[in-house]
Structures are given as structure tokens and as C-alpha cells.
Amino acid sequence: MKTILVVEDEFDVQQVVADVLKDEGYEVSVCGTGAEALRRLSESRPDVVLLDVMLPVLSGLQVLEVMRKTPGLDRVPVILTSEAIPRTAHSQSWQLFLKKPFRLEQLLDAVNRLSFPDGRG
């Protein structure tokens, strides 16, 4: 079973996204801060990270920067979510970007493409 780490500080969004992904057969773990995300990532490596840019404590971009410098996490696919494309992030640092508000179909398409890059989803 493919695993997704959802890092989102808005509880309602976090719950809806987690429920939709679980309904699609993914194992989902959620957290609401960048610091908590890094703790979770140090314990286990998900197949995909859905990462909000605007987070308390550490921003999503700071989490992404740590991930890209950490062996084992440096190649984990990341879907960034934000209301605007962050100027300071480089396109090579994440695989996909979803502009908020996104449709659930867009989310599922993005997660499926990264979870099953060879199309066997």
C-alpha cells in the first residue's frame, strides 16, 4: 500500500484530503506543522508528501529544503500546495504544485502520477 504524508495546518483541509486519499486506498498520515513533518519523516519515508507552503513553526519550503539535503528523503516526491507559487522555491525541488483551492480530482491525479510513475496505478 502506498503511503502519503499530508502536511497541512488547516484542520478541515487536512481531514478532507486524508479521507479522500484513504478512500482511494492510500495509507495516510497527517500533521499540521513543519517541525512535526520533519519528525515524521525521520521515522518513516512516505511514497509521496503533500506539503503546504504556509505552515507554523517551519514553512513548507524549509521542510522541503531539509528533505532535499537528507539522504533517503532527497528523492521523495513532493506536491507543494499554496495559494500562490512561491518565488523562492526552485522547480527541481518538488515534482508538482497545486494552487489552492484545488479540486479533489486534481489532487488524486497528482498523487496517482507520483505514486505510480509508470502508469500502473
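Further up the page is the structure itself.
The shown structure was predicted, so the numbers you read here are calculated from the model rather than taken from an experiment.

Colleague: A description of a negative patch on the surface should follow, citing residues and the corresponding values.
Modeller: A surface patch of negative charge is lined by D9, E10, D12 and E83. Residue placement: D9 occurs in the loop between β1 (3–7) and α1 (11–23).

Colleague: Please provide a residue-by-residue account of the pairing of β1, values included.
Modeller: Across the five residues that make up β1, a large majority, five, are buried. Across the two faces of β1 the burial is the same, with T3, L5 and V7 and I4 and V6 all buried. Strand direction decides the pairing type here: β1 and strand β2 (residues 27–31), joined by five bridges, are parallel. Following the sheet pairing, L5 is matched in β2 by S29. This β-α-β element, β1 to α1 to β2, shows right-handed connectivity. Of the strand pairs in this sheet, β1 and strand β3 (residues 48–52) are connected by four bridges, and their pairing is parallel. By the bridge assignment, L5 is partnered in β3 with V49.

Colleague: Before we move on, can you summarise the pattern of salt bridges with the specific residues and values?
Modeller: For the coordinates displayed, the defined rule picks out six salt bridges. In this structure, K69 engages E65 in a salt bridge whose closest nitrogen and oxygen atoms are separated by 3.2 Å. With a closest N to O distance of 3.7 Å, E105 and R103 form a salt bridge. Assessed through its relative accessible area of 53%, E105 is described here as exposed. Judged by relative accessible area, which is 53%, R103 ranks as exposed. By sharing partners, the salt bridges in this structure join E8, D52 and K100 into a single network.

Thresholds applied
- Residues numbered from 1 in each chain as written.
- Predicted model: local features only at pLDDT ≥ 70, side-chain atom pairs only at ≥ 80, totals over all residues.
- Heavy atoms only, no water.
- Patch = residues over 30% accessible without salt bridge, like charges linked within 9 Å, V, L, I, M, F, W, Y side chains within 5 Å.
- Areas by Shrake-Rupley, 256 points an atom, 1.4 Å probe, with all protein chains shown as cover.
- Salt bridge = Lys/Arg side-chain N within 4 Å of Asp/Glu carboxyl O.
- Lys, Arg positive; Asp, Glu negative; His and termini not counted.
- Charge placed at Lys NZ, Arg CZ, Asp CG, Glu CD.
- Helix = DSSP H or I, 4+ residues; strand = E, 2+ residues; numbered from the N terminus.
- Buried < 20%, exposed > 50% of the residue type's maximum accessible area, 1.4 Å probe, protein only.
- Pairing = 2+ DSSP bridges.
- Right-handed = clockwise from strand over helix to strand, strands pointing away.

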